[in-house]
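# Fold and geometry: a report
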Amino acid sequence: MGAKLRPFTAEAVAAPKSSSRPPARPVARLASPGDVSADSPALRLQDHLRRSLEASPQDNWSARRTLAFVLVSCGAFWVAAALLFQMVSRALG
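Residues numbered from 1 in each chain as written. Predicted model: local features only at pLDDT ≥ 70, side-chain atom pairs only at ≥ 80, totals over all residues. Heavy atoms only, no water.

Under the counting rule described, the total for this entry stands at three salt bridges. Here Arg50 makes a salt bridge to Asp47, at a shortest N to O gap of 2.3 Å. In this pair, Arg50 and Asp47 both sit in helix H2 (residues 41-54), three residues apart, roughly one turn of the helix. For Arg50, the salt bridge goes to Glu54, with nearest N and O atoms at 3.4 Å. Pair noted here: Arg50 and Glu54 are both in helix H2, with a separation of four residues, about one helical turn. Accessibility expressed as a relative area gives 42% for Arg50, which makes it partly exposed. Each of Asp47, Arg50, Arg51 and Glu54 takes part in a single network of salt bridges with overlapping partners. (Salt bridge = Lys/Arg side-chain N within 4 Å of Asp/Glu carboxyl O. Helix = DSSP H or I, 4+ residues; strand = E, 2+ residues; numbered from the N terminus. Buried < 20%, exposed > 50% of the residue type's maximum accessible area, 1.4 Å probe, protein only.)

Structure representation (C-alpha cells):
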C-alpha cells in the first residue's frame, strides 16, 4: 500500500540516492558599465558619490561663517529655553 521506507543507516546518510553533481556556484565579479544590468541602483549611487566627492569645494561655507551660524543658532535656542524656563517657573511659583 504505500512506499516502502528504507532503513535509516549511516550509508543512507553518507551516500545520497541520486548521483547528480551539486549545482555550480556563480562566480562573483565586479560590475562594469557595459553590463546588461548597468542601470542598477548601486552603480547609480557610486556614480553620484564619485561626482559629489569630485565637486569643487567653492560651494562650502568658510569656517568663520560656519562658526557664526552655529553660535547664533545655538545661542537662540538657549535664550528661548531660558525664557521658557522663566515663564514656567513664574506660572508654577
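This part is about helix H3 (residues 63-92). With 30 residues, H3 extends 43 Å between its outermost C-alpha atoms, agreeing within 8% with the 44 Å of an ideal straight helix rising 1.5 Å per residue. Within H3, only zero of the 30 residues are buried, which leaves it mostly out in the open. (Expected span 1.5 Å × (residues − 1).)

Owing to a relative accessible area of 28%, Asp47 belongs among the partly exposed residues under this scheme. Of note is the side chain of Asp47, whose polar atom sits 2.9 Å from the side chain of Arg51. (Polar contact = N/O pair within 3.5 Å; in protein donor to acceptor, adjacent residues only side chain to side chain.)

What follows concerns the packing of aromatic side chains. Where two aromatic rings form a pair, the distance of their centres and the angle of their planes describe that pair. The tally for this structure, following the rule as stated, stands at two aromatic pairs. Plain terms: the ring middles of Trp61 and Phe69 are 5.6 Å apart, the flat faces sit at 75° to each other, and that makes the pair edge-to-face. Judged by relative accessible area, which is 45%, Trp61 ranks as partly exposed. With centroids separated by 4.9 Å and ring planes inclined at 75°, the aromatic side chains of Phe77 and Trp78 adopt a geometry described as edge-to-face. Each member of the pair Phe77 and Trp78 is classed as exposed. Positioned above the aromatic ring of Trp61 is the side chain of Arg65, whose terminal nitrogen or guanidinium carbon lies 5.0 Å from the ring centre. (Phe/Tyr/Trp six-rings, centres within 6.5 Å; stacked < 30°, edge-to-face > 60°. Lys NZ or Arg CZ within 6 Å of the ring centre and 35° of its normal.)

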